[in-house]
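What follows is the residue order along each chain.
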Amino acid sequence: MDKVSPDCPYPGCFFCVMKEGNPSKRRASILKFFRELPSQDDDGQVLPISGLWNTAMAHPNDPEFIELGIFECMVALIWKGLKNRRWLSHDQNIYIPYYAAHIIGSYTMNMEEFAESAIHAGVTPPLVELLRGRLTWVEQRVAVRALGHLATYTNTFPAVASHGEILELAIQLAMSSLEIVYSHFYQYADRRLSYHCDLLTRGMGGVEMESRKAEEWASQLQCWSLQLINCFAFKPEFLPTICKPEFLVKLPGMWGGLVNENSPAGIGLLRTICHHKLGRGPVASCPGIIEALCNIARSSDDWQYMAIDCLLWLIQDPSTCHKVIDKAVPALVDLAEITNLGDHKKLGDYIVNVLQECLQSQGTGRNTISNHVKELIEELLNSKQRLKWEKSMPKEDLHIKQAAALVVKLEGNSLFSSGNIAGAASKYSEALSLCPMRSKKERVVLYSNRAQCHLLLQQPLAAISDATRALCLHSPLNRHAKSLWRRAQAYDMLDLAKESLLDAILFINECSQSNDPDLSSRQNKVPDYAERLVKKQMRAAWLFREAAIKHGGVHGEGDAGDIYGQESDGSEWETASESDIGNDGRAEMGDEYDDDSEWKNEDKRKDKYDKVTLKDLKHGYNVHLAEDQS
């Protein structure tokens, strides 16, 4: 490390070393740099560490620095920061433990052999100290990220698991991460540590940017904690530690995986738990968790199939079936028309087969199926049998049935227009009984129209059921705009803010992409009523809402408009399902292609939205993916 740029004031400067043209000299100098850096107390040490961080981010699969001892160097620097607070507070050394842990995480993200080298270098103990909170939450964030990568691989998991407290610490962090970030950073802007602000915004932000990035990082902190726990959940011996009621009940609401598509989020962890018989018992016994799984299974969410898997496994297990069947079967029946969901082929047929086996295996005592559940399954099986019969029917007979269904539907439309909502719902039911099973487009409209009737009759559960059936029949799956909107309103009536928000966002997306000629001149415009509902639910589903209430930042619903520091206009936040009844909610209930008064009655369209995605708004705020996600 003798070569120094004439303009560089630092002997042995890392950046000068990297410019060395002779490969063997360069490697020797880098090796010496890694060995000597932890023992030096010179100013400017954070500069090469930040440079190494950038290199690790850009080239995480490059073995050069691994071979030359970067892990050993990072371990020594973290220990130095933990043990020598004088050094840590000097110059900009406060950044170094964060960067060091992040570098470890980046290099172990993809390569198992790098992870093995990291374990041999002794990275686990100092990472555990950071995970304990020996410094601050930003170091916890990168520590849990790195430990999660190390726990992913077969050869390195035992070394992580040998530190018994890691799992308990990750569980506590998953449950408390949002409160930690809110109370230690978000709540009091004037008390924020300057290096936290710099790390979050890379020096390019004000208070608003810092707050938004804090929400993103809080979500990441939770998501990486869940990812680490998920690695343990694959091993049955750790399930008793994970399957505590106070933790399980929170999992459906942990949506931390949004900022990392590879994270299981709470529902993914539940799926891993339910895969084991040892885990299904505690899940089935946890109050409210089955209802949450049913809502996620019905959703148009990225992890819909995970919730469906959980319900199917719980139904198929004789020891848990009786605990979940009353709630699970109605949801699964609604989903039985799904054909393919992502990589899951013929999912609807599989659901039908499971429910049929459940009906056939009914016994006495605790495994007895209630009459209501039995009727639902039998009705589903009859519809499948009806589809088989229709395949052998002459086309003329099918056309007659389709025409008869159309006549009855038009009668329902007439009753709806005259204000006889219950009568209209009855007619739509009659039309569904006549309409051929293969006439999916017509059945989508009938289910969606009946869902609207249930909304106006203040029957949100029935509306959710019908809207879900319409969305499962629709091609592409989960993309029927009116059904999304009606289900969003039904969820709103039940105060299920997140579920309502997701459907409202997807509805807006469908508006922006519609080929309907009445909408072609309004591309990317958001209907006023949809904008009102999205704003309302964004506030209700705000990531820090629970923490804010606990710490006095939000005192109740009346403060919802102040969460983001925005104005609160009482008239704007009326319940969408009520405000729409006299305007766009009472839409013409005709065919899918002429049911357009929802659009025509909207004379004013407001803010222009870019395409909104689940990853943007699922937490109730804009999530801007960080450059260091893994």
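The structure under discussion appears in the preceding block.
The shown structure was predicted, so the numbers you read here are calculated from the model rather than taken from an experiment.

Bringing the overall build of the protein chain into the picture now. Check the secondary structure of the protein chain and you find 34 helices and zero strands. Of the contacts formed within the protein chain by residues at least 6 apart in sequence, a portion of 71% connects residues at least 24 apart. By element, 50% of the accessible surface of the protein chain is carried by carbon and sulfur atoms, the whole surface being about 26600 Å².

Within the largest apolar cluster, 149 residues are counted, with the highest numbers of intra-cluster contacts made by Ile 70, Met 74, Leu 127, Phe 232, Phe 247, Ile 273 and Ile 308. Residues in contact with Ile 308, not counting those within four places in the same chain, are Ala 297, Leu 332, Leu 335, Ile 338, Leu 341, Leu 347 and Ile 351. Grouped together as the second largest cluster of nonpolar side chains are 20 residues, Leu 471, Cys 511, Val 534 and Ala 541 included.

Moving on, we come to the packing of aromatic side chains. A full pass over the atoms with the stated rule returns 22 aromatic pairs. Ring geometry for Trp 53 and Tyr 99: centres 5.5 Å apart, planes at 55°, overall tilted. Separated by 46 residues along the polypeptide, Trp 53 in helix α3 (residues 46-58) and Tyr 99 in helix α7 (residues 96-107) bring together distant segments of the chain. Judged by its relative accessible area of 10%, Tyr 99 is buried. Taken together, the ring pairs connect Trp 53, Tyr 95, Tyr 98, Tyr 99, Trp 137, Phe 185, Tyr 195 and Trp 217 into an aromatic cluster. Above the ring of Trp 79, the side-chain terminus of Lys 83 is found at 4.9 Å from the ring centroid.

Attention now goes to the pattern of salt bridges. Within the structure shown, the criterion is met by 26 salt bridges. As a salt-bridge pair, Lys 427 and Glu 430 come within 3.6 Å of each other at their nearest N and O atoms. With Lys 427 and Glu 430 both in helix α25 (residues 421-434) and three residues apart, the pair spans about one turn of that helix. The partly exposed category is assigned to Lys 427, whose relative accessible area is 22%. A salt bridge links Glu 531 to Lys 535, with the nearest nitrogen and oxygen atoms 3.4 Å apart. Within this pair, Glu 531 and its partner Lys 535 are both found in helix α30 (residues 528-540), separated by four residues, close to a single helical turn. We classify Lys 535 as partly exposed; its relative accessible area is 22%. The network of salt bridges with shared partners includes Glu 129, Arg 132, Arg 134 and Glu 165.

Across the interface, helix α18 (residues 277-284) lies against helix α21 (residues 318-334) with an axial gap of 9 Å and an inter-helix angle of 25°. In terms of axis orientation, α18 runs roughly parallel to α21. In this structure, α18 meets α21 at a crossing whose hand is left-handed. Note on element contacts: α21 touches α18 through Ser 319, Thr 320, Lys 323 and Val 324, opposite Lys 277, Arg 280, Gly 281 and Ala 284. Broken down by class, the residue content of the contact of α18 with α21 amounts to two nonpolar, three polar and three charged.

On to a positive patch on the surface, then. There is a patch of like positive charges on the surface, built from Lys 388, Lys 391, Lys 395 and Arg 438. One can find Lys 388 in helix α23 (residues 371-391). By relative accessible area, which is 56% here, Lys 388 ends up exposed.

Looking now at the environment of Ala 218. Within the secondary structure, Ala 218 is located in helix α14 (residues 207-233). Remark: the alpha-carbon pair of Ala 218 and Ser 176, spanning 42 residues in sequence, is separated by 9.9 Å. Aside from chain neighbours lying at most four places away, what touches Ala 218 is Ser 177, Leu 178, Val 181, Leu 543 and Phe 544.

Right, let's get into the environment of Ile 308. Following the sequence through the fold, Ile 308 ends up in helix α20 (residues 304-316). Distance in space between the C-alpha atoms of Ile 308 and Leu 347 is 9.4 Å, their sequence separation being 39 residues.

For helix α19 (residues 289-298), the buried fraction is high: eight of the ten residues fall into the buried class. Three or more residues of α19 are buried, namely Ile 289, Ile 290, Leu 293, Cys 294, Asn 295, Ile 296, Ala 297 and Arg 298.

Okay, helix α5 (residues 70-83) next. Taking 1.5 Å of rise per residue, 14 residues should cover 20 Å, and α5 covers 20 Å from first to last C-alpha, within 8% of that figure. Extensive coverage of α5 is indicated by the burial of ten of its 14 residues. The complete set of buried residues in α5 reads Ile 70, Phe 71, Cys 73, Met 74, Val 75, Leu 77, Ile 78, Lys 80, Gly 81 and Leu 82.

Attention now moves to the state of the cysteines. In the structure shown here, the tally under the stated rule is zero disulfides. The structure places no disulfide on Cys 274, whose sulfur is separated from the nearest cysteine sulfur, that of Cys 310, by 4.0 Å.

So, on to unusual backbone geometry. With omega at 5°, the peptide bond leading from Ser 475 into Pro 476 counts as cis. Mapped onto the elements, Pro 476 comes out in the loop between α27 (460-473) and α28 (481-493). Phi is positive for Asn 478, close to 65°, though the residue is something other than glycine.

Calculation criteria
- Each chain carries its own residue numbering, running from 1 in the written order of its sequence.
- The predicted nature of this model means local features are confined to residues of pLDDT at least 70 and side-chain atom pairs, given and counted, to a pLDDT of 80 or more, with totals for whole chains, interfaces and linings taken over all residues.
- Calculation of side-chain values draws on the structure's entire complement of heavy atoms; hydrogens and water are dropped beforehand.
- Runs of H or I in DSSP of at least four residues are treated as helices and runs of E of at least two as strands, each being numbered from the N terminus.
- The contact definition used throughout considers only heavy atoms, calling two residues in contact when any of these lie within 4.5 Å.
- Only the protein chains shown count as covering a residue, and every accessible area follows the Shrake-Rupley method with a 1.4 Å probe.
- Put simply, a nonpolar core is a bunch of buried Ala, Val, Leu, Ile, Met, Phe, Trp, Tyr and Cys residues held in one set by side-chain atoms that sit within 4.5 Å of each other.
- Type-normalised accessible area, obtained with a 1.4 Å probe on protein chains alone, sets the label of each residue: buried when under 20%, exposed when over 50%, and partly exposed for intermediate values.
- Classification of ring pairs uses Phe, Tyr and Trp, with its six-membered ring standing for Trp, and accepts pairs whose centres are within 6.5 Å; under 30 degrees between planes counts as stacked, over 60 as edge-to-face, and the remaining range as tilted.
- The criterion is that NZ of a Lys, or CZ of an Arg, lies within 6 Å of the ring centre and within 35 degrees of the ring normal, and then a charge sits over that ring.
- Here, a salt bridge means any side-chain nitrogen of Lys or Arg that lies within 4 Å of a carboxyl oxygen of Asp or Glu.
- For helices, the axis comes from a line fit to the C-alpha atoms of the stretch in contact; other axes are also lines fit to C-alpha atoms, and the angle between any two N-to-C directions lies between 0 and 180 degrees.
- The labels follow the angle: roughly parallel below 35 degrees, roughly antiparallel above 145, roughly perpendicular from 65 to 115, and oblique for the rest.
- Left-handed describes a crossing whose near helix is turned anticlockwise from the far helix through less than a right angle; right-handed describes the clockwise counterpart.
- Lys, Arg, Asp and Glu make up the charged group, whereas Ala, Val, Leu, Ile, Met, Phe, Trp, Tyr, Cys and Pro make up the nonpolar group; the residues left over, Gly among them, are polar.
- A patch consists of residues whose relative accessible area exceeds 30% and which take part in no salt bridge; residues with like charges are grouped when within 9 Å of each other, and nonpolar side chains (Val, Leu, Ile, Met, Phe, Trp, Tyr) when within 5 Å.
- Under this rule, positive means Lys or Arg and negative means Asp or Glu; His and the chain ends count for nothing.
- For charged residues, the charge sits on one atom: NZ in Lys, CZ in Arg, CG in Asp, CD in Glu.
- Expected helix span is computed as 1.5 Å times (number of residues minus one).
- In what follows, a disulfide is any cysteine sulfur pair within 2.5 Å.

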